[in-house]
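# Survey of secondary and tertiary structure
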Amino acid sequence: MQRTCLNMSIFFSLVLGACAGQENAQAENDSDGDGYEATLDCDDTDAAVFPGASEYCNGVDDDCDALVDEDAVDAFPWYVDQDGDGHGAETDPVYACQQPSGFVDSHDDCDDHNPAAFPGSGETWYDGVDQDCLGDSDFDADGDGYDWQRFDGEDCDDTDPGINPAAAETWYDGVDQNCDGKDDFDADADGYSSQASGGFDCDDSDGDVHPGAFETWYDGVDQNCDGKDDFDADEDGYQSTDFGGDDCDDGNSMVYPEAREYCDGLDDDCDGEVDQHCEYSLAEADAIILGATENGALGTLVLLGGDMNGDGFDDIVASAPSENNDDEYPGRIYIFDGPRAGTVTTEDATGNIHVSTSNVGLGEALDMAGDMDLDGLDDLLLGAPYSNYGDNRAGAVYLFTGPLSGSNDLEADADAVLYGEVQNQNAGISLATVGDTDGDGTGDTVVGYSQVDRETFGGAYLLLSRPLETAALADLGITIEGDETDEYGSVVARAGDLNADGFADFMIGSERAGTESLSSCGIVWVFLGPLTSDATLGEADSVINGEESGDQAGASVAGGGDLDGDGFDDLLIGASRNRGDYVQSGAAYVVPGPPRKSVDLSDAPTKLYGEDERGMAGSAVAWAGDVNLDGYSELLVGAPGEASRGGNTYLFTGPLSGMTALSSCDRYFYGGTDGMMSGSSLDAGGDSDGDGVPDLVLGVSMDSTLAERAGALYLVSGAGF
């Protein structure tokens, strides 16, 4: 093979040499005139074909080298296409007249190893591949120069080129054009959306004006956007006199023109006079309910609270223990739904409960039971201590579930009867729903029973479940027994949460009990929940003794208020026979929670004392709730023997401490009629008119407006406190 190639090389050298030597001599043999005679010219008919001519892509051996179109001057550049997508890589081309296999005439492929990547290919965004070879970011689909935030970029909307960090923000269109993540309805960036956009910012152009801002009074700017008058700092509806208004004390919401005057040493109504109208006549009550039966004694006991018909207003429940029905068995309970206004009679009651079998003592005790049957309506418990249901005068408690209307018979219509089983036990002489003492989520009830002979000691039952079926009291919970001969169960009451441990506490009182040195001083036993087994009064967590012999402390008690605002509920204890400067002038004591193991009322930090002989202050006591919304509980003390036995009821606002005369109260309510003895029965804290402020109801069993000692109820709205 090498020899053949060599011979051919020698041959062409001889031929070319001969041709060169004979060019001029043999010109006559050059037909095409290209300077080469036919013996050397491979096509002597074409002057463009001769040895050494330029090769063109024409399918002709232009240079007579026996090769066609090789190294043609007009050869095309071809680029390798490794991935076969029709687009070549940007590499050195191969020149040829015909397209070589694996080569194409373009060199615009950005990835010659990916057949899916070439100019004009459909772009698949966010996969990291530049399919269309445009050289732009695969994470910037809208082409605005910013990658999508989802792939560590800054563009919050990669479908809209008008949305990017460099865009101008258009407020209140719901679009975050500049991707700063701020509320598009909060132009001043104070954290609150514009009111015009459904938010709460009253000025979205000022970052210092928003609902969380501190209010600067009297500058004409509503910094905190509460919409309130900037010249009425105490929000009582009257502008300060310093800025042309009528409010003489714009730092006290209880002081304004037309306010009620309290016994507080202030000009509450801004009329230039002090304490001239701090008294309140019951004739001014917002609602008056009159008993119509002579000697019926409506209002002997009264409740304000609970909603038995589900109308959203608290109801009033009152006893008329001496009222007879047609069968002449005494006792009737009335229910009045709220709201009430004006003067009405018992004929306007929503419902009533009467007795038709015997004198059972209906009206001796009652309390709202909460929602025992879980139907959304509050229920009612009634004590009948002389009932013979379980044994002769063993006593019973009757449950009536809401709603309650019309006339109902105690025995025939009760939903459940909880009865005593010991003769003369008088179970139900007192009762109280006291809250959840054991933390099971269910409110509990305490039922007192009193001693009537030396073989039956007083005490109480703590019922730890909803008593929805008739059963013996002893089978429903825990028994707490007395150990002496006094009527220990004559008073029971809720105590709130005295030690703030989340469990409800309760009290058992006996005004006749005494110590070794003080007879009939009265004693209150306090039990802190939970109580898990039967106990005696000697096992009480706290024992509170009356101050003096004969005081009868504990005849009235109330729990659940926080007078000093320390987070612990306090106890309010009445001692109507306490002797101050006058016989039986009476007093009321506040024992702060949690109480010590042993407490003498002489050491109580707060004592409110009466100043009238036989005024019997403390005959009734109650926590009024936070009437003035200052964070402290208010309290009420009834003194039915004052003012010629017309009676007074005193309101004190917290905080309060020390020895304080009742006449130093914030307001007092007086009966106005000799002998009516207002203040002997009262309740407060419920909201019968739905205004969000606790109300007061006074039971006046000796009221004779319609009939001699028929009784009456006086309702004072919390707004009037």
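Below is a short write-up of the structure. Here the residue numbers are simple positions, counted from 1 along each chain's written sequence. This being a predicted model, a pLDDT of at least 70 is required before a residue's local features are given, and a value of 80 or more before pairs of side-chain atoms are given or counted; all residues contribute to the totals for chains, interfaces and linings. Where side-chain values are given, they derive from all heavy atoms of the structure, hydrogens and water being excluded.

## Observations regarding the pattern of salt bridges
When a carboxyl oxygen of Asp or Glu is within 4 Å of a side-chain nitrogen of Lys or Arg, the pair counts as a salt bridge. Under the criterion given, the structure shown has four salt bridges. Put simply, Glu 323 and Arg 332 hold a salt bridge, and the shortest N to O gap is 3.2 Å. Its salt-bridge partner being Glu 547, residue Lys 607 comes within 3.0 Å of it at the nearest N-O pair. Here the residue Lys 607 occupies a position in strand S30 (residues 606-609), and Glu 547 occupies one in the loop between strand S25 (542-545) and strand S26 (556-561), the gap between them amounting to 60 residues. The way it works is that DSSP assigns letters per residue, a run of H or I at least four long becomes a helix, a run of E at least two long becomes a strand, and they are numbered from the N terminus.

## What about the pairing of strand S15 (residues 416-419)?
The sheet contact formed by strand S13 (residues 396-400) and S15 spans four bridges and is antiparallel. Directly across from Leu 399, in S15, lies its bridge partner Ala 416. The pairing criterion is simple: DSSP has to find at least two bridges between the two strands.

## Points about the packing of aromatic side chains
Whether two aromatic rings pair depends on their centres lying within 6.5 Å, for rings of Phe, Tyr and Trp, where Trp uses its six-membered ring; planes under 30 degrees apart make the pair stacked, over 60 edge-to-face, and the rest tilted. Taken as a whole, this structure holds 17 aromatic pairs when the rule is applied. Plain terms: the ring middles of Tyr 36 and Phe 50 are 5.5 Å apart, the flat faces sit at 10° to each other, and that makes the pair stacked. Pair noted here: Tyr 36 is in the loop between helix H1 (2-22) and strand S1 (76-80) and Phe 50 is in the loop between H1 and S1, with a separation of 14 residues, a long-range link. For the exposure calls, accessible area comes from a 1.4 Å probe over protein chains only, and a residue counts as buried if that area is under 20% of its type's maximum, exposed if over 50%, partly exposed in between. The exposure class of Phe 50 is partly exposed, given its relative accessible area of 21%. On the basis of an interplanar angle of 45° and a centroid distance of 5.0 Å, the ring pair of Tyr 126 and Trp 148 is categorised as tilted. Of this pair, Tyr 126 sits in the loop between strand S3 (103-104) and strand S4 (279-281) while Trp 148 sits in the loop between S3 and S4, placing them 22 residues apart in sequence. The rings of Tyr 126, Phe 139, Trp 148 and Phe 151 are connected pair by pair, giving a single aromatic cluster.

## What about the pairing of strand S23 (residues 523-528)?
Burial of S23 is extensive: five of the six residues sit out of reach of the surface. Relative to S23, strand S22 (residues 505-510) is paired through six bridges, and the arrangement is antiparallel. Considered in S23, the bridge of Asp 505 is made with Leu 528. Examined bridge by bridge, S23 and S25 share four bridges and lie antiparallel to one another. For Val 524, the partnering residue across the bridge sits in S25 and is Ile 544.

## Focus on the nonpolar core
With 22 residues, the main nonpolar core has Leu 636, Phe 669, Leu 682, Leu 696, Leu 698 and Tyr 714 as its most contacted residues. Where this core is concerned, the elements lending two or more residues are strand S5 (287-290), strand S31 (620-625), strand S36 (681-684), strand S37 (696-700) and strand S38 (712-716). Within this scheme, the nonpolar core is defined by two criteria: the residues are buried Ala, Val, Leu, Ile, Met, Phe, Trp, Tyr or Cys, and they are joined through side-chain atoms within 4.5 Å. Counting residues in each nonpolar core, the second largest holds 21 residues, with Met 308, Ile 335, Met 368 and Ala 414 among its members.

## A short note on the sheet that holds S1
Taken in spatial order, the three strands of this open sheet run S2-S1-S3, and their pairing is antiparallel. Of all the strands in the sheet, the pair left with one neighbour each is strand S2 (94-96) and S3. Note that S1 and S3 share two bridges and pair antiparallel. From the neighbouring strand, Tyr 79 faces S3, where its bridge partner is Val 104.

## Quick word on the environment of Ser 490
For Ser 490, the position within the fold is in the loop between strand S20 (477-481) and strand S21 (491-496). The exposure class of Ser 490 is buried, given its relative accessible area of 17%. Expressed as a C-alpha distance, the spacing of Ser 490 and Tyr 398, which sit 92 residues apart in the sequence, is 18 Å. In this analysis, two residues are considered to be in contact whenever any of their non-hydrogen atoms come within 4.5 Å of each other. When sequence neighbours within four positions are dropped, the list of residues in contact with Ser 490 reads Ile 429, Ser 430, Gly 509, Ser 510 and Glu 511. Separated by 3.4 Å, the side chain of Ser 490 and the backbone oxygen of Gly 509 make a polar contact. Counting of polar contacts relies on pairs of N or O atoms within 3.5 Å, with two restrictions inside protein: one atom must be capable of donating a hydrogen and the other of accepting it, and residues adjacent in sequence are counted only when both atoms are side-chain atoms. A distance of 3.2 Å separates the side chain of Ser 490 from the side chain of Glu 511, its partner in a polar contact.

## Thoughts on the side chain of Asn 648
Relative to the elements of secondary structure, Asn 648 occurs in strand S33 (residues 648-652). Taking relative accessible area as the criterion, Asn 648 reaches 7% and is therefore assigned buried. At a separation of 3.3 Å, a polar atom in the side chain of Asn 648 contacts the side chain of Tyr 650. Those residues in contact with Asn 648, other than ones at most four positions away along the chain, are Val 637, Gly 638, Ala 639, Pro 640, Glu 642, Ala 643, Tyr 668, Phe 669, Tyr 670, Ser 678 and Gly 679.

## Comments concerning the state of the cysteines
When two cysteine sulfur atoms lie within 2.5 Å, the pair is treated as a disulfide. For the coordinates displayed, the defined rule picks out six disulfides. Disulfide partner of Cys 57: Cys 97, at an S-S distance of 1.6 Å. One quick way to see it: the torsion about the S-S bond of Cys 57 and Cys 97 is about -75°, and its sign makes the bridge left-handed. Separated by 40 residues along the polypeptide, Cys 57 in the loop between H1 and S1 and Cys 97 in the loop between S2 and S3 bring together distant segments of the chain. Residue Cys 97 is classed as buried on the basis of its relative accessible area of 11%. Residue pairing for Cys 156: its cysteine sulfur links by disulfide to Cys 179, the two sulfurs lying 2.1 Å apart. The S-S bond linking Cys 156 to Cys 179 shows a torsion near -75°; that makes this disulfide left-handed. On the criterion of sequence distance, the pair formed by Cys 156 in the loop between S3 and S4 and Cys 179 in the loop between S3 and S4 is long-range, its members being 23 residues apart.

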